[in-house]
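As a plain string of letters, each chain reads:
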Amino acid sequence: FSHHLYEGNSDEVIEDVASGRVNVGVFHFDNRKRKEMMELLESKGLEYHFLTNVEPHIVISRKHPLIQQHKSVNLHTLSEYGFLWYLGQCDDYIHELLSEGSQDTERMRSKITYLSSRATLMYMISVSDCYSIGIHEFALQDASYQCTSVPIPNCGFMLEFGYATPTNQPITSITSEFLRDLKKRLS
């Protein structure tokens, strides 16, 4: 057997499944956009399978000054620090979070670095005072990058994780094993 793991935004993942490049695509989206996502998947001939809802978090280094000084970590207190934006990663909800009723909007927008690699994103968080938006901590986040995740207070939405497969295509045993592991890691 041969396995390939491709990383991309939701549109790229959906296109990879629709084109037959991959047999399963895992992605997440702002759960307020569920109806639009279901219509898109149906139009591409894909079946959607819900995995879980996850609260968005601030991802930050354990060495960040706010953490070291035991100060509050929220989007307001982080406005003077740089933001790392993972390109294509749910741009709509990140834009909304960074500008939602904040007097700090202009200061926040002037300190954005755009990245296209998740590994680079985590590395940059680990060696700087920059932060990003992500999900709850995962097993290697602290061990590999010395980063932590802090829930965003009063966020107002969840990130819905799911996967798509071509309609009526059976899932192989190895893909089933992958999906079981993924469900376990997301819980």
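Now for a description of the structure that goes with this document. For clarity, every value in this text was computed on a predicted model and none was experimentally measured.

A word on the pairing of strand β7 (residues 147–151)
Burial of β7 is extensive: four of the five residues sit out of reach of the surface. Where strand β3 (residues 57–61) meets β7, five bridges bridge the pair, whose relative direction is antiparallel. When the bridges of β7 are listed, valine 59 appears paired with serine 149.

Thoughts on the side chain of threonine 165
Positionally, threonine 165 belongs in strand β8 (residues 159–166). When its relative accessible area of 4% is taken as the criterion, threonine 165 is described as buried.

Description of the side chain of histidine 64
Structurally, the position occupied by histidine 64 is in the loop between β3 and α3 (65–68). With relative accessibility at 0%, the residue histidine 64 sits in the buried group. Among the polar contacts made by the side chain of histidine 64, one reaches the main-chain carbonyl oxygen of aspartate 129 at a distance of 2.9 Å. Excluding residues within four positions of it along the chain, histidine 64 makes contact with Leu78, Tyr81 and Asp129.

What about the nonpolar core?
Counting 29 residues, the largest nonpolar core has Ile58, Leu78, Leu97 and Ile133 as its most contacted members. Contributions of two or more residues to this core are made by β2 (46–54), β3, β4 (83–86), α4 (91–99), β6 (131–134), β8 and α8 (173–186). Residues within four places of isoleucine 58 in sequence aside, it is in contact with Val73, Asn74, Leu75, Leu78, Tyr131, Ser132, Ile133, Thr148, Ser149, Val150 and Ile152. Core analysis: the second largest hydrophobic core is formed by 11 residues, Phe27, Leu46, Tyr48 and Ala164 among them.

A closer look at the packing of aromatic side chains
Within the structure shown, the criterion is met by six aromatic pairs. Ring centres 5.2 Å apart and planes at 65° place the aromatic pair phenylalanine 83 and tyrosine 131 in the edge-to-face group. One end of the pair, phenylalanine 83, is in strand β4; the other, tyrosine 131, is in strand β6, and 48 residues separate them in sequence. On the accessibility criterion, phenylalanine 83 (1% relative accessible area) is buried.

Concerning the packing of helix α1 (residues 10–18) against helix α2 (residues 34–43)
Here α1 crosses α2 at 25°, and the two axes come no closer than 10 Å. Classified by the angle their axes make, α1 and α2 are roughly parallel. Considering how the two elements wind past one another, α1 and α2 form a crossing that is right-handed. Here Ser10, Asp11 and Ile14 of α1 lie close against α2, whose contacting residues are Met37, Leu40 and Leu41. Class assignment for the residues of the contact of α1 with α2 results in four nonpolar, one polar and one charged.

Quick notes on the sheet that holds β2
Judged by pairing direction, the sheet is antiparallel, and its three strands sit side by side in the order β1-β8-β2 without closing on themselves. In the strand order of this sheet, the two ends are held by β1 (25–30) and β2, each with one partner. Each strand of the sheet is rotated relative to its neighbour by a mean of 30°, with strand direction disregarded. Relative to β8, β1 is paired through six bridges, and the arrangement is antiparallel. From the neighbouring strand, phenylalanine 29 faces β8, where its bridge partner is glutamate 160. Most of the contacts of α1 go to β1, to which it runs at about 145°, and overall it touches β1, β2 and β8.

Structural notes on unusual backbone geometry
Even without glycine at this site, histidine 70 takes up a positive phi of about 55°. Note that histidine 70 resides in the loop between α3 and β4. Classification of histidine 70 by relative accessible area gives exposed; the value is 75%. Unusually for a residue other than glycine, asparagine 168 sits at a positive phi of about 60°.

As for the environment of leucine 66
Along the polypeptide, leucine 66 turns up in helix α3. Among the residues examined, leucine 66 registers a relative accessible area of 7% and is labelled buried. Separated by 12 residues in sequence, leucine 66 and leucine 78 have C-alpha atoms that sit 8.4 Å apart. Here leucine 66 is in contact with Lys71, Ser72, Val73, Thr77, Leu78 and Tyr81, once residues within four sequence places are set aside.

Reading the values: rules and limits
- Residues numbered from 1 in each chain as written.
- Predicted model: local features only at pLDDT ≥ 70, side-chain atom pairs only at ≥ 80, totals over all residues.
- Heavy atoms only, no water.
- Buried < 20%, exposed > 50% of the residue type's maximum accessible area, 1.4 Å probe, protein only.
- Helix = DSSP H or I, 4+ residues; strand = E, 2+ residues; numbered from the N terminus.
- Pairing = 2+ DSSP bridges.
- Polar contact = N/O pair within 3.5 Å; in protein donor to acceptor, adjacent residues only side chain to side chain.
- Contact = heavy atoms within 4.5 Å.
- Core = buried A, V, L, I, M, F, W, Y, C linked by side-chain atoms within 4.5 Å.
- Phe/Tyr/Trp six-rings, centres within 6.5 Å; stacked < 30°, edge-to-face > 60°.
- Axes fitted to C-alpha atoms, helices over the stretch in contact; angles between N-to-C directions.
- Parallel < 35°, antiparallel > 145°, perpendicular 65-115°, else oblique.
- Left-handed = near helix turned anticlockwise from the far one by under 90°.
- Nonpolar A, V, L, I, M, F, W, Y, C, P; charged D, E, K, R; others polar.

By themselves these figures say nothing about function.
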